[in-house]
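Residues per chain are reported as follows:
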Amino acid sequence: MDSLILEISTRGLHRYEPIEAEVTTLGRALDNDIILSDPTVAPHHLKIIRHQDGRLELVNLAAVNPTRVETLPIDTRELTRLPAGIEIGRVHLQLLARDNPVAETRPLAGNGRRGHLFGHPYWAILLALICICVGALDFHLNFYTSFKWSDLFKYVLRETVLTIGAFVLALSILERLLVNRWEMKQLLTSVCLVYLLFEGASVLAFGLDYLLSASWPGTLFHFGWYLAIIPAAIAIYLINISHIKRGRSIVLALLIASPIAAPSILQSPEMQALLDDFSSSASYHNRLSYLNWHLRDTVSIDRFIEQAHGLEPGEIAD
């Protein structure tokens, strides 16, 4: 009889044990053929019997957390097809034939090339420095009075360094728990690219606000960033860098992004404007045309004051 393979799942990586003997025992005790150290596994939990006529039989030995085959508890079960999913306590197993097909090889980030954007730590360091410079530039452009270097340092530390660091820390912990490894240079590179995308898209969104004399481009960007773009970026990273299954990656991305999205959206001026008549953001003049208002002739201060004196209370000048 050809030997079988028992696949034991362990946090993204798998352990494989050949099943060659006529009787193979599994459990936590040290006299088993295959030892599983999980506390939910009984000292003697499962016996796999290979009969001479080719039949394959599973015998449950545990009173607590009995063996399950395809989610159903068993006492004795004869397998008619492979692969077969087996649960022993919280340990997930699969009994496979040796010729069972395996998934295609997933490429390394950057295809193993050191000069690739994801292939060398100097790219991650360079992008982190660029992000710090962009954060300092953003502070400079939005600060309308003279500022101190200490203010600049605090802003960059709070808005750039801590933001990037928080995402890197959260994703690295998640990656360690899921696939039992670190991908720090790829992770830092990915987070820095998303940060630069945010800064560039913010400039574009608020430029459209000014061009169209409307607030909806900025509002759409703000909501879309937290509800769609951040989860999509996390899912792409988990699928292509960590090589986690697509469905699981999408669910994890939504779970990671939710604690960030909820307070950011609820506390934003855009949401306050939708929930209340008062907003800290100034409303645009609804009578201005978004097609040509920037081309209208300007009015001198004297002319403006003269028009204002002639207005009735509540009346708006043309």
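Above this note sits the structure.
Nothing here was measured: the structure is a model prediction, and the numbers come from that model.

Novice: Lay out the packing of aromatic side chains with the relevant residues and their values.
Specialist: Summed over all chains, the structure comprises five aromatic pairs. Where Phe198 meets Trp225, the ring centres are 5.0 Å apart and the plane angle is 55 degrees; that geometry is what we call tilted. Of this pair, Phe198 sits in helix 3 (residues 184-212) while Trp225 is found in helix 4 (residues 216-240), placing the two residues 27 residues apart along the sequence. A residue is classified by how much of its surface remains accessible, and Phe198, at 25% relative accessible area, is partly exposed. One aromatic cluster is present, built from ring pairs that chain together Phe198, Phe221 and Trp225.

Novice: With reference to specific residues and values, describe the side chain of Thr25.
Specialist: You can see Thr25 is positioned in strand 3 (residues 23-27). Overall, the relative accessible area of 17% leaves Thr25 in the buried class. Within the structure, the side chain of Thr25 is placed 3.4 Å from the side chain of Asn32, a separation counted as a polar contact. Excluding anything up to four places from it in sequence, Thr25 contacts Asp31, Asn32, Asp33, Ile34, Leu46 and Lys47.

Novice: Give a detailed account of the sheet that holds strand 2 (residues 13-19), specifying residues and quantitative values.
Specialist: Spatially, 2-1-11-10-7-8 is the arrangement adopted by the six strands of the open sheet, whose pairing is antiparallel. Each edge of the open sheet carries a strand with a single partner, namely strand 2 and strand 8 (72-73). The sheet contact formed by strand 1 (residues 4-10) and strand 11 (residues 91-97) spans five bridges and is antiparallel. In the sheet register, Leu6 faces strand 11, and the bridge partner there is Leu95.

Novice: So what about helix 4? Which residues, and what values?
Specialist: Compared with the 36 Å implied by 1.5 Å per residue over 25 residues, the 33 Å span of helix 4 between its first and last C-alpha is a close match. Of all bends in helix 4, the biggest is about 50 degrees, found at Trp225.

How each quantity is defined
- Residues numbered from 1 in each chain as written.
- Predicted model: local features only at pLDDT ≥ 70, side-chain atom pairs only at ≥ 80, totals over all residues.
- Heavy atoms only, no water.
- Phe/Tyr/Trp six-rings, centres within 6.5 Å; stacked < 30°, edge-to-face > 60°.
- Helix = DSSP H or I, 4+ residues; strand = E, 2+ residues; numbered from the N terminus.
- Buried < 20%, exposed > 50% of the residue type's maximum accessible area, 1.4 Å probe, protein only.
- Polar contact = N/O pair within 3.5 Å; in protein donor to acceptor, adjacent residues only side chain to side chain.
- Contact = heavy atoms within 4.5 Å.
- Pairing = 2+ DSSP bridges.
- Expected span 1.5 Å × (residues − 1).
- Bend = angle between axes of the 7 residues up to and from the residue.

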